Amino acid sequence: MQVNEYKPLIVAFCCNWCSYAGADLAGNNRLNYPADVKIIRVPCSCRVNPMFILRAFQRGADGVILCGCHPGDCHYTSGNYYTRRRMALLFSMLDYLGIEKERTRVEWVSAAEGAKFAETMNDFAKTVAALGENKRLEDLRCKK
Amino acid sequence: MQEIKREVLVNKASELLKNGTVDRVFGWKKGEFDYDITPALFTTAEDIENEFVWGDFCGANFSKYLIKETGKSENKVLVFLKPCDTYSFNQLLTEHRFDREKVYAVGVPCNGMLDTGKIKSSAEGISKVTDNGDKVVIETLFDGEITLDRNELLPDRCLNCKSKKHVAYDELLGEDGAVLDSNRFDEVEKLEKMTPDERFAFWQNELSRCIRCNACRDVCPACTCEKCVFDNPNSGVENKAATNEFEEKMFHIIRAFHVAGRCTDCGECSRVCPQHIPLHLLNRKFIKDIDSFYGEYQAGAEVGSRAPIVNYTTEDIEPGDAVRRNENA
Ligand code: SF4
Ligand code: SF4
Ligand code: SF4
């Protein structure tokens, strides 16, 4: 008998200028990361407003990770600094509402860090898998 | 009881109307019950003389009303502002939401406004409410009268008043107060100390009562977007639908997030919520976090200040560390 292993659905918002290219590099180098990581390309990590994150959860994501350029390396100079403040406040609020803090993460991954990209995704997928399905943030109204 | 008498406000309003400084006056009118005072716009001294009400239920913050009202005429409108209202007033000026030249602001001292919800839940069939200073007498239709401590009837915003000082006005009636050392973050800290499961249960209980009337958004002087995300019929979340655990949390997180850094903690949202949801505990969490991550900041304390959420330093705390910090606190 085959037991289906639970695989978490992960949404990864990746900045076009760094981590999206980092994901590419990971692929070119044949590095493995879970196929259940769904990448959404954004022009800057700062493009991601809190609604994006919550909406991903509402629609059934088990974990949401946001990847941007390292502080100081933003293609638009300062976008990721705003991201950092916003997400610090948002994550803290989610925690305040009793939502597992391991389900969200921000990671800075450059275009040259294919290995870091794969590592980050593997690690995040493992953490989220340990938490199990996202129940506290899903919203049946939004699920298709 | 309010330390300043109704006559003082009425005389001031009539004087300014008659000498042409203003041609409209924001004030309050009697409603169905003693505790049902409604905001109103007056245009004649006669109406003011007859209908203007001032007392313990004049809690409405008029700052937001100025956005529409100042757009209607070139003349000035008179507005009475409690100390907490002046912070919203400044914040709206910072956001260029109304023309300062079209407003004549009169600061009024405040002894705390009574909580309508607490009054209503303290007795059945209320016919009259009288404030004697320390005590409030509630007369009822069938059970005689009951006397309560005034302090017990104050809403959270007044019990934890952050300031009796007016930060904006053209003229002040009575004495100005001082910025206070309030305990407004105590409740937030209590929640932070609970386990995540306890917190989830707490908020689940509170937020599942939400009927999505949007009153908290409509009244908020920081929520002034011409188009609000929550009016989008394609969002799937514009109406109430009790489906599962998440329920209205998305609305509440985003509402509070959109005003983070601009919320002056005026307490209007909690005041108007028909379900008595302690919305201030969400707003104050953001205020407390902003204070501890980026340095103390009070929205509306001065015109033109830059909110920490639209600012940054290269050394800011990482989101992961911000959350872990809560754990160790
Ligand atoms: S005022 Fe209260 S019930 Fe109405 S939407 Fe806001 S929280 Fe919900
Ligand atoms: S969120 Fe509530 S306390 Fe803050 S400004 Fe709006 S109405 Fe006032
Ligand atoms: S909830 Fe957000 S979008 Fe809606 S009025 Fe308030 S700030 Fe604007």
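Structure: see above.
Conventions we followed
- Residues numbered from 1 in each chain as written.
- Chains lettered and ligands numbered in written order.
- Predicted model: local features only at pLDDT ≥ 70, side-chain atom pairs only at ≥ 80, totals over all residues.
- Heavy atoms only, no water.
- Pairing = 2+ DSSP bridges.
- Helix = DSSP H or I, 4+ residues; strand = E, 2+ residues; numbered from the N terminus.
- Axes fitted to C-alpha atoms, helices over the stretch in contact; angles between N-to-C directions.
- Expected span 1.5 Å × (residues − 1).
- Buried < 20%, exposed > 50% of the residue type's maximum accessible area, 1.4 Å probe, protein only.
- Contact = heavy atoms within 4.5 Å.
- Near = heavy atom within 4 Å.
- Nonpolar A, V, L, I, M, F, W, Y, C, P; charged D, E, K, R; others polar.
- Buried area = accessible area lost by both parts, 1.4 Å probe.
- Salt bridge = Lys/Arg side-chain N within 4 Å of Asp/Glu carboxyl O.
- Polar contact = N/O pair within 3.5 Å; in protein donor to acceptor, adjacent residues only side chain to side chain.
- Phe/Tyr/Trp six-rings, centres within 6.5 Å; stacked < 30°, edge-to-face > 60°.
- Lys NZ or Arg CZ within 6 Å of the ring centre and 35° of its normal.

**Q** When you look at the sheet that holds strand 7 (residues 145-149) of chain B in this model, what are you seeing that I'm missing?
**A** Strand pairing within a sheet occurs via backbone hydrogen bonds; the two strands may be parallel or antiparallel. All names here are of chain B. Read across the sheet, three strands follow the order 5-6-7 without closing on themselves; strand pairing throughout is antiparallel. The open sheet terminates on both sides in strands that have one partner only, identified here as strand 5 (126-131) and strand 7. Averaged over all neighbouring strand pairs, the angle between strand axes comes to 20°, with direction disregarded. Bridge count for strand 5 against strand 6 (residues 135-140) is five bridges, and the pairing is antiparallel. Each residue of the ladder has a partner; that of threonine 130, found in strand 6, is valine 137.

**Q** Is there a simple way to think about helix 1 (residues 6-18) of chain B in this case?
**A** A turn of α-helix holds 3.6 residues, and therefore any two residues three or four places apart point the same way. All names here are of chain B. When the terminal C-alpha atoms of helix 1 are compared, their 18 Å separation across 13 residues agrees well with the 18 Å that a helix rising 1.5 Å per residue should span. Within helix 1, the full set of buried residues consists of Leu9, Val10, Lys12, Ala13, Ser14, Leu16 and Leu17. Looking at the buried side of helix 1, the elements it contacts are strand 1 (24-29), helix 2 (45-51), strand 3 (77-81), strand 4 (103-107) and strand 8 (171-172). One or two residues past the end of helix 1 sits glycine 20, with phi positive at roughly 80°.

**Q** Would you mind showing me how to read the site of ligand 1 here?
**A** All names here are of chain B. Residues in contact with ligand 1 amount to 14 residues; listed here are only the nearest, Cys210, Cys213, Asn214, Cys216 and Cys273. Where the shell around ligand 1 is concerned, the elements lending two or more residues are helix 9 (215-219) and helix 10 (249-258). Partitioning the shell around ligand 1 into residue classes produces 10 nonpolar, three polar and one charged.

**Q** Sorry, what's going on with the interface of chain A and chain B here?
**A** Think of interface size as the accessible area that goes away when the parts come together; that is how it is often given. Each side of the interface is counted separately: chain A has 36 residues, and chain B has 50 residues. Surface buried jointly by chain A and chain B totals about 4,100 Å² across both partners, of which 64% is contributed by carbon and sulfur atoms. The largest per-residue losses of area from chain A upon contact with chain B belong to Arg85(A), Tyr96(A) and Arg141(A), which jointly make up 23% of the total buried on that side. Remark: the boundary between chain A and chain B carries four salt bridges. Where chain A meets chain B, there are 15 residue pairs in polar contact (both at pLDDT 80 or more). If you list the elements that add at least two residues to the side of chain A that touches chain B, you get helix 2 (50-58), helix 3 (79-96) and strand 4 (104-108) of chain A.

**Q** Looking at this structure, how should I read the packing of aromatic side chains?
**A** For any pair of aromatic rings, the description consists of the separation of the ring centres together with the inter-plane angle of the planes. Within this structure, the stated rule accounts for 20 aromatic pairs over all chains. Ring centres of Tyr33(A) and Phe117(A) lie 5.3 Å apart, and the angle between their planes is 80°; on these two criteria the pair is classed as edge-to-face. Separated by 84 residues along the polypeptide, Tyr33(A) in the loop between helix 1 (19-28) and strand 2 (37-42) and Phe117(A) in helix 4 (residues 114-131) bring together distant segments of the chain. With a relative accessible area of 27%, Tyr33(A) lands in the partly exposed category. Among the residues examined, Phe117(A) registers a relative accessible area of 0% and is labelled buried. Joined through ring pairs, the aromatic side chains of Phe26(B), Trp28(B), Phe42(B), Phe52(B), Trp54(B), Phe62(B), Tyr65(B) and Phe80(B) make up one cluster. Between Arg85(A) and the ring centre of Tyr294(B), over which it is positioned, the NZ or CZ distance is 3.9 Å.

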